[in-house]
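# Breakdown of the fold
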Amino acid sequence: MTSGKVLAKGFRVLGYAVRDEPHTFAVSVVGSVLFSLLTIATAFVSGRVVGKIVLPAIDHGHVAVGSLLLGGLAILAVSLGKIVGILGRRLGAGAMQFNLQAKYRRAVTRRYLRLPLAWHQRHATGTLLSNANADVEAAWYPIAPFPFAVGTVVMLVAAVASLFVTDWAMALVGVAIFPALLGVNVAYSRRMSPRIAKAQQLRAEVSAVAHESFDGALVVKTMGREASETERFADKAVQLRDATIRVGRVRALFDPVLDALPSLGTLAVLIVGGWRYQQGAVRVDEVVSVAFLFTVLAFPVRAIGWVLAELPRSVVGWERIRHVLDAEGDTVYGETALTGTGPAALSFRDVDFAYTDEEGNGQRVLAGVTFDVPPGRTVALVGPTGSGKSTIAALAARLVDPGSGAIEVDGVDLRELTQDALSDAAALVAQVPFVFDDTVRGNITLDRAGVDDDAAWRALRLAQADGFVGHLADGLDTTVGERGTSLSGGQRQRLTIARALAGAPRLLVLDDATSAVDPRVEAAILASLRRADGATQPASILVVAYRRATIALADEVVYLERGRVVARGTHTELLETAPGYADLVTAYEKAEEEREREHAFDVDPLDLAADLPTTAPTTPPAAVPAGPSAAVPAGPSAAGPAVPGAVGAHAGSSSARSAGADDDDLDDRLDEQSVSA
Ligand SMILES: Nc1ncnc2c1ncn2[C@@H]1O[C@H](COP(=O)(O)OP(=O)(O)OP(=O)(O)O)[C@@H](O)[C@H]1O
């Protein structure tokens, strides 16, 4: 982009600022114009004071008290007026700048929340942080000096007019100097433009690299990549330093010129003024006024340079903000609410999906996917890695929309539902658990209406997390650290399951949400999710499964290969009819056995105590409703229909919690359950 175009765009950005903040802009411009006019007045008052007070005092050795008082009052009045002007200008400009920053920060972050997952997956987190921070700030950098510059332009016009009123010859000095000042300012901003833009771009890149390195600290450390990561960061930091130095060089070159020009003007005025005085064309006080005028002009004129110099950076920042604000693919919600109660029905009808880039290009990852999760049933999604399981989970929670086909909950297309209807009815627990830097309570309730401590403990119990939370020093009030660093992977996963359950979803989508949990605990969680406990309704469950025990709990298995449903049926049916499925499940089993052998002796008894509800009577704090009535009711009435063993197992575990039963009991029941499945 040429610098002319950048300047034109920059002025448009300033126009948007004025449109968004007309009142603060008006206050600051009025203040600035007042200051500018009074600056000119200062020059003329000073000239008059020299002519009427200083010179007579030198010539006659005394001054009339009246003149002295008048001079003093004039200087005082002008100074007070300038103070008011500066206050108005600064307060107005500050309010304008910070209001704009706040407004666009909010707009950008609100937009992030509305943009679909696919958009987020295409943008680095560091860049998004930079958009909401550095870019918003950059876009509105010129606002601080902008009203000052507007006032200065008014001042220059008034100065030239007052020069011509005073004396045409001295006015010619102004006519030569003022355009030169503007010319140097424009040249300055042209040189600065690409350099500032580059520095701004590098700032975002440094932030992205830093974010990625910190985020991947575990990989960096375990793979011994500290040195190369440090080098990668240092490389970007050096580029940023060099770019910023290049900006400084231009500033260093132009600043003295911009400072010197008004001083040259003062010198020229003294020479021309002296000559005109000798001709008797001007008085001494007029020469003093004009010379003084050039002296006081030096500073305000710089404001024009500041604005022009910041415009390129502002344009870059603005364009990066617009990239977010104009991004398409908003999740558009419909008007339909869901009226049903109890477990929801989910169906996929001939669903195709492709992850596309900004240009809409992308490979299809799901083709003609059709299956149902009937109310109250558990369906397991099984398939080799990359077959599309997580994509189906994301589609079910409407994180993305299908390219073609339809996904329905209770017979209503997800795209027709209101935002609340879907989030009230369905909950997704993702592959990677995300835990806020908050208390356990905050993480579970998320400030949702109706999710009180009782609901939180109920959810924790269902997620088999009440044991470890009960053992935490402050129970629900325990702060879990950034991303839940003070918790184990399995504990984090159970916390996120509890969070999903606390909202009493009618449909639960578990995307490999229990991978870090002990298989027995996982089985207990799934079993407990399938049944009502009086206060919590059972949900329909779509679970991405990798363990035989998990798969065995499902009423139906949907087997995927390369984005297509290859087979559907019970686990036993698929073992016979789908050779790929049998191979995969056997591979899972082997891997599981291998892992169990490796970890047979590394169970931390304390963790087991917390993890396995049967190990110790884990009495949660007073908030937990105690006693058998609080436990998940046992017995066939609460049983999930397809896997009675699972219910038995869970009932056993729940009642065992109050009765203090031991590990073997749970093991036996879980073994029974896998046999029966
Ligand atoms: N954000 C994305 N952009 C582009 N392609 C993607 C994206 N996410 C997933 N894919 C591709 O879509 C296909 C399906 O991925 P998906 O994560 O749904 O598979 P999966 O069955 O859940 O795999 P896994 O078992 O390894 O978690 C893969 O080929 C993957 O490379």
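To be clear, the structure that these remarks concern was listed above.
So, here is what we can say about the structure in this document. (Residues numbered from 1 in each chain as written. Predicted model: local features only at pLDDT ≥ 70, side-chain atom pairs only at ≥ 80, totals over all residues.)

Let us look at the nonpolar core. Grouped together as the largest cluster of nonpolar side chains are 88 residues, with contacts concentrated most on L381, A396, A426, A459, A498, V509 and L542. Of all the elements, helix α17 (residues 519-529) adds the most residues to this core, at 7 residues. When sequence neighbours within four positions are dropped, the list of residues in contact with A459 reads I444, A498, L501 and A502. Counting 75 residues, the second largest nonpolar core, distinct from the first, contains F35, I196, V290 and V324. (Core = buried A, V, L, I, M, F, W, Y, C linked by C-beta atoms within 7 Å. Buried ≥ 20, exposed ≤ 12 C-beta atoms within 10 Å, placed from the backbone. Helix = DSSP H or I, 4+ residues; strand = E, 2+ residues; numbered from the N terminus. Contact = placed C-beta atoms within 7 Å.)

A few words on the packing of helix α2 (residues 22-60) against helix α3 (residues 65-114). With their axes 7 Å apart at the nearest point, α2 and α3 run at an angle of 160° to one another. When the axes of α2 and α3 are compared, the pair comes out roughly antiparallel. The hand of the α2/α3 crossing is left-handed. In terms of residue class, the contact of α2 with α3 is built from 21 nonpolar, 13 polar and 3 charged. (Axes fitted to C-alpha atoms, helices over the stretch in contact; angles between N-to-C directions. Parallel < 35°, antiparallel > 145°, perpendicular 65-115°, else oblique. Left-handed = near helix turned anticlockwise from the far one by under 90°. Nonpolar A, V, L, I, M, F, W, Y, C, P; charged D, E, K, R; others polar.)

Moving on to the site of the ligand. Neighbouring residues of the ligand: Q121, Y355, V365, G383, T385, G386, S387, G388, K389, S390 and T391. Of the residues assigned to the shell around the ligand, the class counts are 2 nonpolar, 8 polar and 1 charged. (Near = placed C-beta within 6 Å.)

Our next topic: the environment of F292. Mapped onto the secondary structure, F292 falls in helix α10 (residues 284-325). Under the C-beta neighbour-count criterion, F292 is labelled buried, with 20 such atoms within 10 Å. Residues F292 and T266 lie 26 residues apart in sequence; the distance between their C-alpha atoms is 7.3 Å. Excluding residues that lie within four positions of it along the chain, F292 makes contacts with A43, S46 and G47.

Most of helix α11 (residues 389-396) sits inside the fold, with 7 of its 8 residues counted as buried. Three or more residues of α11 are buried, namely K389, T391, I392, A393, A394, L395 and A396. Taken from the residues just after α11, R398 is the one with a positive phi, measuring 55°.

Let us now look at the pairing of strand β8 (residues 540-544). In terms of burial, β8 is largely enclosed, as 5 of its 5 residues are buried. Where strand β3 (residues 378-382) and β8 come together, 4 bridges link them in parallel fashion. Opposite T378, over in β8, you have I541 as the bridge partner. Pairing between strand β7 (residues 507-511) and β8: 5 bridges, direction parallel. Bridge pairing in β8 places L508 opposite I541. (Pairing = 2+ DSSP bridges.)

Note that every value here comes from positions in space, so none of it alone points to a role or purpose.
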